[in-house]
Amino acid sequence: MRALVTSNQPLRLAATKLLSYLSPRSYVGITSPIRLRNIPDPELPADDWLIADTRLCGLCGSDYKQVFMNGRLDNPMTSMISWPQVLGHEVVGLVSNAGPGVTEHKVGDRVLLNPWLSCRTRGLEPCEFCRQGKLAQCLNFGKGTLEKGIHHGNSASATGGFSQQVPGHESQWFAIPDEVSDEQAVLGDPFAVSFHAILKSPPPENGTALVYGCGTLGLLAIAILRLVYPGVKVLAVARYEHQANIARKLGAHKVYKHRPTRALVEDVARETGAGLNRPWVGLPMLNGGVDVVYDTVSSAETMEVGLRISRSFGSLVIIGVEPAKTFEWTPLYFKELNIIGSNGFGIESFQGERKHAMEWYFDFIVNRGLDVTAIITHHFALEDYRDAFMTCYDQGKSSAVKVLFNQFD
């Protein structure tokens, strides 16, 4: 089958990084570690696995950050991956082959992938976190019948969706309701990430939440907040005007520009009625501010601003992934703020009921009228992967948010 294969060859990595200073298109050029290749069709590693033909696959920020080498060598997550990789974990497929032990799905079913390669997927008894439904915190991502990897796309054993076919354990696939289109379904994974983050620290009734960053996760967070917490004022910070327009469409009450940061802090002060404490140099700190910040960027800059605009005893939920840098963090202890990490998703408790985040997503579509497909901006054939990645690279020029692969022939 045809697949985008990413290798871990030091010479290719070094050459691509050097050439990228001349042209960013080098990230997908002739030296790039990612290449379109023919590879063997996937096999069923166990009787309770199935194979789905890929219909749609989203390009996640983690996918293109890897391609664009946006990370650090000392990142501990490098200890939890294996090579070669076929990236892509936002997958809608059609079941084409099911092992004799599969009881939950049949050939021809439309399915959405839950990509976590947790205990059950690896043929192991559930660890303490898997028993609690906290699948992204599984203790066995490097054990069992599969190569190391936390989810499809970063394990050599689990082909991701940048390919014609994707294998998966039957528990990883969710049947897509007839009322839900493929384009709606493919957003199930990023929806689940944002939903999980909001449930980590829900806004207080009639409070104020700020969503920092209006890419895929930020825009979905805005839509979720407006749907399930209608009394909450939702503020947002967008880098690009096309993001700001979609944020308003999805219900943000106010959208601010991400820079200059001083103006951003002052704007939030006016909106929340907070006082401004001005230091000798640098950004002001609010006396008051927003109740919770959902930071989908999580750079040193956004985290510092988030701490300064949060009210005392507020929360800053970290969803994004950026290389670490130092920043001024005095407001953290002074205001007694909570910094909360949010990773992935699993079984989520909401309004007295527990079910998988992807099941909540389908429920919100079918029973509450949620439609977030406005964030889908581009479709590409797998053969055109270079253009797809460069569309993600320069979002200001391309007006991209969620980019999809939709042709795999």
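Read on for a plain summary of the structure. Source: prediction; values computed, not measured.

**Examining the sheet that holds strand β8 (residues 208-212)**
Inference 1: Strand order in the open sheet formed by 6 strands is β10-β9-β8-β13-β14-β15, and the pairing between neighbours is parallel. The outermost strands of the open sheet, each flanked by one partner alone, are β10 (254-257) and β15 (338-341). Adjacent strand axes in the sheet meet at a mean angle of 20 degrees, parallel and antiparallel pairs treated alike.
Inference 2: Bridge count between strand β14 (residues 310-318) and β15: 4 bridges; the pairing is parallel. From the neighbouring strand, S315 faces β15, where its bridge partner is N338.
Inference 3: On the sheet, helix α6 (residues 216-228) packs against β8, β9 (233-238) and β13 (290-295) and is oriented at approximately 160 degrees with respect to β8.

**Thoughts on unusual backbone geometry**
Inference 1: Residue P84 is reached from W83 by a cis peptide bond, and omega for that bond is -5 degrees.
Inference 2: By secondary structure assignment, the location of P84 is in the loop between α2 (61-67) and β4 (90-98).
Inference 3: Across the junction of R259 and P260, the peptide omega takes the value 0 degrees, indicating a cis bond.
Inference 4: Positionally, P260 belongs in the loop between β10 and α8 (261-272).
Inference 5: Phi is positive for M69, close to 55 degrees, though the residue is something other than glycine.

**Side note on helix α12 (residues 385-393)**
Inference 1: Buried within α12 we find Y385, A388, F389, M390, T391 and C392.
Inference 2: Check the buried side of α12 and you find it contacts β1 (2-6), β2 (34-38), α2, β18 (376-381), α13 (395-398) and β19 (402-407).

**Focus: the nonpolar core**
Inference 1: Counting 67 residues, the largest nonpolar core has L219, I222 and Y294 as its most contacted members.
Inference 2: Examining the composition of this core, we find that 8 residues originate from one element, α6, more than from any other.
Inference 3: Residues contacting Y294, with those up to four places away along its chain left out, are A197, I198, S201, P202, P203, A209, L210, V211, Y212, L225, V317 and I319.
Inference 4: Residues Y27, L59, Y385 and A388 belong to the second largest nonpolar core, which totals 37 residues.

What counts, and where the lines are drawn
Residues numbered from 1 in each chain as written. Predicted model: local features only at pLDDT ≥ 70, side-chain atom pairs only at ≥ 80, totals over all residues. Heavy atoms only, no water. Pairing = 2+ DSSP bridges. Helix = DSSP H or I, 4+ residues; strand = E, 2+ residues; numbered from the N terminus. Axes fitted to C-alpha atoms, helices over the stretch in contact; angles between N-to-C directions. Contact = heavy atoms within 4.5 Å. Buried < 20%, exposed > 50% of the residue type's maximum accessible area, 1.4 Å probe, protein only. Core = buried A, V, L, I, M, F, W, Y, C linked by side-chain atoms within 4.5 Å.

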